[in-house]
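Below, each chain spelled out in residue letters.
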Amino acid sequence: MTEITSPGPEADGRAGGHGRHGFDAPRLLFWAALMLGVASVGVVVAAGESVGRAGALLLISMAAAGMVFIVWLLRGNGKSVGLFPGKGVAEAAALQGARGEHALLDALEEPALITDRAGAPLVANAAYKALAEATGALGESERPPLMDRVFGHDPVLNPAMFRLSRAASGRQPRRETLPPTRIGARADLVRFEAQVTPASNGRVLWRLREVVEEATGTDVDARALFIEDSPIGFFAAKPDGAIVYMNRALRAALGVEDGEILKVRDILKEDAGRVLRRDRKSDEAQRAPVTLKTRDGREVRASAMSIWPAGDADGATRTFIFFDATATQEVRAPAAAGAVDSFFANAPFGAALLDGSDPALSAVLDSNAALMDIAQGRAAPGVAFKDLFDASEGPLVLAQRLRQASREPVELQLATTPPTSAHVYLAPADDGRGLAYVINVTEQRELEQRLSQAEKMREIGMLAGGVAHDFNNLLMAMMQNCDYLLSRHPVGDPDYMDLCEINHHALRAKELSERLRAYARQQTFKREVIEVSGFVAHMHDLVRRLLGETIQFEVKHGRDLPFIKADKSQLERVLVNLATNARDAMFDGGKRGKLTITTSMSTAEEARALGHNPLNDGNYVLLEVSDTGHGIKPEDQARIFRPFFSTKEAGLGTGLGLATSYGIIKQSEGFIFFDSVVGRGTTFRIYLPVYEPTAEELEDMARRERDSARRAPMDLSGRGRILLVEDEDKLRSSIARNLVKCGYEIDEAEDGEDGLAKLEANPGGYDLVISDVTMPFMTGPEMLKAATNEMIGGAKILFLSGYAPESFGKVLDDYEVSYMAKPVGVQQLAQRVKELIAA
């Protein structure tokens, strides 16, 4: 660092100003008036009251002196002698008075400035004043401007100036490389290195050095090819929308010539701000769908991603356009060096420069950060390009696939852990080298597989729902006829045991059908308000019997839990399924295990903290089922909710338990997750949304509790007129026969239209209407909506169905109707019929 002693001769004053070598007329008048005023005061004091005119003369002289003084101030001459000096003026005058002391400062070719301990400018050399003159910051003052005023035209430099000023006030040395900026009429951008250095007497030396960036020659030309030959479109635009560069792929897609002057609004249908607007809070890349306007009037849909590389102060936007590039026209102009470097370093896809045109025999010369990340750090210079990829099919096959990438995109597996799927593009360079583009498509492939699996599961669900509908009708006919035969062949009859066996297998088939419908999420839920702690307490004895004597069982109830709304019977099935699986996981040679059921309040944030996603925002009632079993293996955890998947031995499980539970919870608008550690156990967490019941719903819940405490009636006989609507003839006849036997009068209808006609012919003539849900021509709910209140009268409505569409759940919520899922036995049906008619 050069020692600074005194400023140069140019620091004496601006040309044309009032210097230190003479006084002008106002200054002379000022001193004359001041002397006259002082003399007049002396005369008045000496002569006393005897001087009459002297007093007037004194006033006139003082007024004249004041007027001259004001004129002198307005001309700006007061500061030249230190009268009413500005900040640092006196010190600056003193410093400039010692001409020999700052000769070395002015001898410096680089701009330099000295400030005092308060940060006020004292003296600057000729180079600094010339820079200030070029930026328009010099002004009329004799003192030089501060450095932040010199660069005040470019707000991008403000942060650097602030840091330098803070270092100067703290008397700390600091060096900053400023972002490029424009100086005066210069067409190019100039980059400075600014430095502050504390000096003696509390002064600070500020220096600027212009940084000259040398072109990299071959490297820039090579990297320029990455932009021009890239299959992804690219352009750079100024903040006003003027496009300064566009690569070959984008030019070909738009049909424009190289060198055309365009703006972003000329190539985008949408507002240009969609790609030019920068989020300075996050400085993240901005992504948006766009529509390109081609020269021939076509519109091309694409996706744009705009970036602003760190350190670039020109404000230019670098935008990538993702589309299927088919342009192959000849390169017409190399890209600018700055745009090339930004493209290569910030490209969202992998790019590599190869030392030859044959990818199977070439080595990597250079690679960008994206490729290093995709290849897990293996794409270093000197590595054989083929070694980046999986060669499990053999080196010859890999070489053939790599050479194929020169003609069309090829999907390969990178030799990473785990393997990464990538699309590889290759293009020859003019100098015989090769250009490689590697785009990570692993997430895309995983999404496609998940979508395919979801579609497969949806089709299986539709199949399961359709099978369950027909299967349940057959089962109900079997069960109705079996119950009828059992009534005619009581205990002691030779056929009684055989009929009981038939009935037992029919009930097992019914349970399997219900699981299929639960998995397909095609069950009809009769949702009711539930208090979870009471529900779990009600299930305690059942779960205790399921677990057996070797497994401990504990229930932990949360306090003041809110209500939920769900189908109680379906929720019971979920709890039984989880308890059964836990029991099987803990059964190991008679060893004792423990099952814990916990209820508590939770929120979406707490669930996400446990790694459970996705979960809608809000409050939830959490039901946890934890066991100390052998846990779930990591390779099995992704499949446990799939139907027919089981880790149990053959014959010990259907593989539908967890699939059924998952379907029930999702259909209840809840979420189910699990955590498992091999050898320590598994915890299932069920999140059910909190529900705020109305007063009517609370009263209905209390009524159901009172009714459940009563003993169910054993006498199934009754009286009343019933309309039975069912499209399956054999099922309809068997139900009618059993209800007639119980004492009821039955009118049969073969579909919804026939049922509506009978209601119209006998308005208010029925005590109960029993109807199937899904029927040809007119469904049960459609018949209900079409019937008037006069037709129905005081009749209750009971729907029976083995399969109902999702919309049927809304019918149950909107109308006072009852529902029973097929298949249902004679005793259950007769009991329900008697309860409804009695009500």
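Parameters at a glance
Residues numbered from 1 in each chain as written. Predicted model: local features only at pLDDT ≥ 70, side-chain atom pairs only at ≥ 80, totals over all residues. Heavy atoms only, no water. Helix = DSSP H or I, 4+ residues; strand = E, 2+ residues; numbered from the N terminus. Buried < 20%, exposed > 50% of the residue type's maximum accessible area, 1.4 Å probe, protein only. Contact = heavy atoms within 4.5 Å. Areas by Shrake-Rupley, 256 points an atom, 1.4 Å probe, with all protein chains shown as cover. pLDDT = per-residue confidence, 0-100. Expected span 1.5 Å × (residues − 1). Pairing = 2+ DSSP bridges. Phe/Tyr/Trp six-rings, centres within 6.5 Å; stacked < 30°, edge-to-face > 60°. Arc of directions from axis to C-beta. Axes fitted to C-alpha atoms, helices over the stretch in contact; angles between N-to-C directions. Polar contact = N/O pair within 3.5 Å; in protein donor to acceptor, adjacent residues only side chain to side chain. Core = buried A, V, L, I, M, F, W, Y, C linked by side-chain atoms within 4.5 Å. Left-handed = near helix turned anticlockwise from the far one by under 90°. Nonpolar A, V, L, I, M, F, W, Y, C, P; charged D, E, K, R; others polar. Salt bridge = Lys/Arg side-chain N within 4 Å of Asp/Glu carboxyl O.

Peer 1: Would you mind showing me how to read the overall build of the protein here?
Peer 2: Within the protein, the secondary structure is distributed over 27 helices and 27 strands. Looking at the protein as a whole, 44% of its 839 residues qualify as buried. When contacts within the protein are restricted to residue pairs at least 6 apart in sequence, long-range pairs at least 24 apart make up 61% of them. As presented, the protein carries roughly 44,100 Å² of accessible surface, and 53% of it is formed by carbon and sulfur atoms.

Peer 1: Just to check I follow, could you spell out the confidence of the model for the protein for this structure?
Peer 2: Atom-level detail of predicted coordinates should not be read off regions where pLDDT is low. Here the protein averages 77 in pLDDT, and 73% of its residues register 70 or above. Of the regions scoring below 50 in pLDDT, residues 1-23 engages in 62 contacts with residues more than four places distant in sequence or in other chains. Segment residues 97-101: pLDDT under 50, and 12 contacts once partners within four positions in sequence are set aside and those in other chains are kept.

Peer 1: Explanation requested: helix 22 (residues 729-741) in the structure shown.
Peer 2: A turn of α-helix holds 3.6 residues, and therefore any two residues three or four places apart point the same way. With 13 residues, helix 22 extends 18 Å from end C-alpha to end C-alpha; this agrees with the ideal 18 Å at 1.5 Å per step. Buried within helix 22 we find Leu 731, Arg 732, Ser 734, Ile 735, Ala 736, Asn 738 and Leu 739. The first or second residue beyond helix 22 is Gly 743, which carries a positive phi of 105°.

Peer 1: Honestly, the environment of Ala 347 in this entry has me stumped. Any pointers?
Peer 2: By secondary structure assignment, the location of Ala 347 is in the loop between helix 12 (337-346) and strand 11 (350-354). When the C-alpha positions of Ala 347 and Leu 371 are compared, they lie 9.5 Å apart, and in sequence the two are 24 residues distant.

Peer 1: Mind showing me how you'd approach the pairing of strand 10 (residues 317-322) here?
Peer 2: Consecutive side chains along a regular strand alternate between the two faces of the sheet. Across the six residues that make up strand 10, a large majority, five, are buried. Bridge count between strand 6 (residues 233-237) and strand 10: five bridges; the pairing is antiparallel. Counterpart to Phe 235 in the pairing with strand 10 is Thr 319. With five bridges connecting them, strand 9 (residues 299-307) and strand 10 associate as antiparallel partners. Within strand 10, the position partnered with Ser 303 by the bridge is Phe 322.

Peer 1: What am I meant to see in the packing of aromatic side chains here?
Peer 2: The description of an aromatic ring pair uses the distance of the two centres, along with the angle that the planes make with each other. According to the stated counting rule, one finds 12 aromatic pairs in the structure shown. Ring centres of Phe 349 and Tyr 437 lie 6.1 Å apart, and the angle between their planes is 65°; on these two criteria the pair is classed as edge-to-face. You can see Phe 349 sitting in the loop between helix 12 and strand 11 and its partner Tyr 437 sitting in strand 15 (residues 434-440), a full 88 residues away along the chain. Phe 349 sits in the buried class, given a relative accessible area of 3%. Accessibility expressed as a relative area gives 1% for Tyr 437, which makes it buried. An angle of 35° between the planes, with centres 5.7 Å apart, marks the rings of Phe 674 and Phe 684 as tilted.

Peer 1: Sorry if this is basic, but what is going on with helix 14 (residues 395-404) here?
Peer 2: Considered for burial, the residues of helix 14 that qualify are Leu 398, Ala 399 and Leu 402. All buried residues of helix 14 lie within an arc of 100° about the axis, which places them on one face of the element. Summarising the geometry of helix 14, the exposed residues directed more than 90 degrees from the buried face are Leu 396 and Gln 400. Residues of helix 14 that are buried in the fold lie against strand 13 (410-414) and strand 14 (420-428).

Peer 1: Just checking my understanding: could you explain the sheet that holds strand 8 (residues 286-293) for this structure?
Peer 2: The pairing of strands in a sheet comes from backbone hydrogen bonds and takes either a parallel or an antiparallel form. Taken together, five strands build an open sheet; the order of strands is 7-6-10-9-8 and the sheet is antiparallel. In this open sheet, the two strands that pair with only one neighbour each are strand 7 (243-246) and strand 8. On average, each strand axis in the sheet is inclined to that of its neighbour by 30°, with strand direction left out of account.

Peer 1: Would you mind showing me how to read the side chain of Thr 682 here?
Peer 2: Within the secondary structure layout, Thr 682 lies in strand 22 (residues 681-689). Side chain to side chain, Thr 682 and Ser 676 meet in a polar contact 2.8 Å long. Residues in contact with Thr 682, not counting those within four places in the same chain, are Val 625, Ser 626, Asp 627, Gly 631, Ile 632, Asp 675 and Ser 676.

Peer 1: Teacher, can you tell me more about the sheet that holds strand 4 (residues 191-198) here?
Peer 2: Taken together, the five strands give an open sheet; going across it, the order is 2-1-5-4-3, and neighbouring strands pair in antiparallel fashion. Two strands bound the open sheet, and with one partner strand each, they are strand 2 (121-124) and strand 3 (174-177). For this sheet, the mean angle separating the axes of adjacent strands, direction not counted, is 20°. When strand 4 meets strand 5 (residues 204-211), the two strands line up antiparallel, connected through eight bridges. The partner of Ala 194 across the bridge, within strand 5, is Leu 208. On top of the sheet, helix 5 (residues 126-135) reaches strand 1 (112-115), strand 2, strand 4 and strand 5; it is set at about 105° to strand 2, its chief contact. Most of the contacts of helix 7 (residues 158-169) go to strand 3, to which it runs at about 170°, and overall it touches strand 3, strand 4 and strand 5.

Peer 1: I'm lost on the nonpolar core in this one. Help?
Peer 2: A general tendency of soluble globular proteins is for nonpolar side chains to be buried together. Counting residues in each nonpolar core, the largest one holds 34 residues, and the members touching the most others are Leu 595, Phe 684 and Ile 686. In terms of residue count, helix 18 (residues 568-586) provides more of this core than any other element does, seven residues in total. Residues contacting Leu 595, with those up to four places away along its chain left out, are Val 543, Leu 547, Ile 551, Gln 552, Phe 553, Glu 554, Ala 579, Ala 582, Met 586, Val 625, Ser 626 and Asp 627. Leu 131, Leu 164, Leu 178 and Ile 183 belong to the second largest nonpolar core, which has 24 residues in total.

Peer 1: Would you mind showing me how to read the packing of helix 17 (residues 532-547) against helix 18 here?
Peer 2: In helix packing, the relevant descriptors are the interaxial angle and the interaxial distance, both defined with respect to the helix axes. It is at 10 Å that the axes of helix 17 and helix 18 come closest, and there the two elements cross at 35°. Handedness of the helix 17/helix 18 crossing: right-handed. Residues Phe 535, His 538, Met 539, Leu 542, Val 543, Leu 546 and Leu 547 of helix 17 form the contact with helix 18, whose participating residues are Lys 568, Leu 571, Glu 572, Leu 575, Val 576, Ala 579, Thr 580 and Arg 583. The class makeup of the residues in the contact of helix 17 with helix 18 is 10 nonpolar, two polar and three charged.

Peer 1: How should the pattern of salt bridges be read in this particular structure?
Peer 2: Pairing of side chains with opposite charge becomes possible as their charged atoms draw close. Within this structure, the stated rule accounts for 20 salt bridges. With a closest N to O distance of 3.2 Å, Glu 697 and Lys 565 form a salt bridge. Taken as a pair, Glu 697 in helix 21 (residues 695-709) and Lys 565 in strand 18 (residues 563-566) lie far apart in primary sequence, 132 residues in all. Across the pair Asp 754 and Lys 758 runs a salt bridge, and its minimum N-O distance is 3.2 Å. Placement of the pair is Asp 754 and Lys 758 together in helix 23 (residues 752-761), with a separation of four residues, close to one helical turn. On the accessibility criterion, Asp 754 (23% relative accessible area) is partly exposed. Exposure remark for Lys 758: the relative accessible area of 24% places this residue in the partly exposed category. Counted as one network, the salt bridges with shared partners bring together Arg 163, Arg 174 and Glu 176.

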